Amino acid sequence: MQTGPARVVVLASGSGSLLQALLDADDPAFSVVAVGSDKPAAPALERARAAGAAAFAVPPREHPDRAAWDAALAAAVAAHEPDLVVLAGFMRVVGAPLLERFGGRLVNSHPALLPSFPGAHGVRDALAHGVKVTGCTVHLVDAGVDTGPILDQVAVRVADDDDEASLHERIKVAERRLLVDVVARLTRARTTDPTTPAAPHSPQERTSPS
């Protein structure tokens, strides 16, 4: 059994609002020790620096091919010796090197109720299909696109006047709470198998207000 807060490395491509929820959590079970991005100018990296966490970028354009980038990303993450790696708005599919090093300790947050609406446009796709309930999912990462085992979900109702921006903003509110909750449960357990977090919930049990 390990002691002290679990070391968490977060990967993010954009503004870092999900990252900020983890930085603000102040949970003794975990500490965000580093934040990485595929974009050197990502605002998420500034959030990391402001919080005193290490920040690093691994831009694909600086590597000759996808395999080289995959290896560089895995090495950059591993340098921070994480207990858990969190993809929080990281808009790239990770490759075998990261999965091989951190399989079972690599989680992703997705703005839809998987297995429905995987991929980069989960909110847009949910609206296009006319669903009345969508939500967010935190799942383990595997070699597919949003296909790994589901850890937890929260449902969000779709309002009649929702557009993509308004719906996504409400999903983000639920997503921040869910991600912090799941990361805290996984790291508090401090086991080598995060596929069994304490008391997982179904989307029917926890619904964000519309």
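The shown structure was predicted, so the numbers you read here are calculated from the model rather than taken from an experiment. (Residues numbered from 1 in each chain as written. Predicted model: local features only at pLDDT ≥ 70, side-chain atom pairs only at ≥ 80, totals over all residues. Heavy atoms only, no water.)

## Details of the pairing of strand β6 (residues 133-140)
In step 1: With respect to burial, β6 is a largely interior element, 7 of its 8 residues being buried.
In step 2: Judged from the 4 bridges that link them, strand β5 (residues 106-110) and β6 form a sheet pairing that is antiparallel. Paired with S109 across the two strands is V138, which belongs to β6.
In step 3: Both β6 and strand β7 (residues 150-157) contribute to a ladder of 7 bridges, which runs antiparallel. The residue of β7 that forms the bridge with C136 is V154. (Buried < 20%, exposed > 50% of the residue type's maximum accessible area, 1.4 Å probe, protein only. Helix = DSSP H or I, 4+ residues; strand = E, 2+ residues; numbered from the N terminus. Pairing = 2+ DSSP bridges.)

## Brief notes about the packing of helix α1 (residues 17-24) against helix α6 (residues 164-189)
In step 1: Between α1 and α6, the shortest axis-to-axis distance is 9 Å and the interhelical angle comes to 45°. Accordingly, the angle class assigned to the pair α1 and α6 is oblique. Once α1 is placed against α6, the crossing between them reads as right-handed. Counted together, S17, L18, A21 and L22 of α1 and K172, E175, R176, L179, V180 and V183 of α6 form the full contact between these two elements.
In step 2: Among the residues making up the contact of α1 with α6, the classes are represented as 6 nonpolar, 1 polar and 3 charged. (Axes fitted to C-alpha atoms, helices over the stretch in contact; angles between N-to-C directions. Parallel < 35°, antiparallel > 145°, perpendicular 65-115°, else oblique. Left-handed = near helix turned anticlockwise from the far one by under 90°. Contact = heavy atoms within 4.5 Å. Nonpolar A, V, L, I, M, F, W, Y, C, P; charged D, E, K, R; others polar.)

## Focus: unusual backbone geometry
What is expected of a backbone is that most residues other than glycine have negative phi and most peptide bonds are trans.
In step 1: Cis peptide bonds are those with omega within 30 degrees of zero, and the linkage from L114 to P115 qualifies with 10°.
In step 2: With respect to the helices and strands, the residue P115 is situated in the loop between β5 and α5 (122-128).
In step 3: Look at D146: it is not a glycine, yet its phi comes out positive at around 60°.
In step 4: With respect to the helices and strands, D146 occurs in the loop between β6 and β7.
In step 5: What makes D146 buried here is its relative accessible area of 15%.

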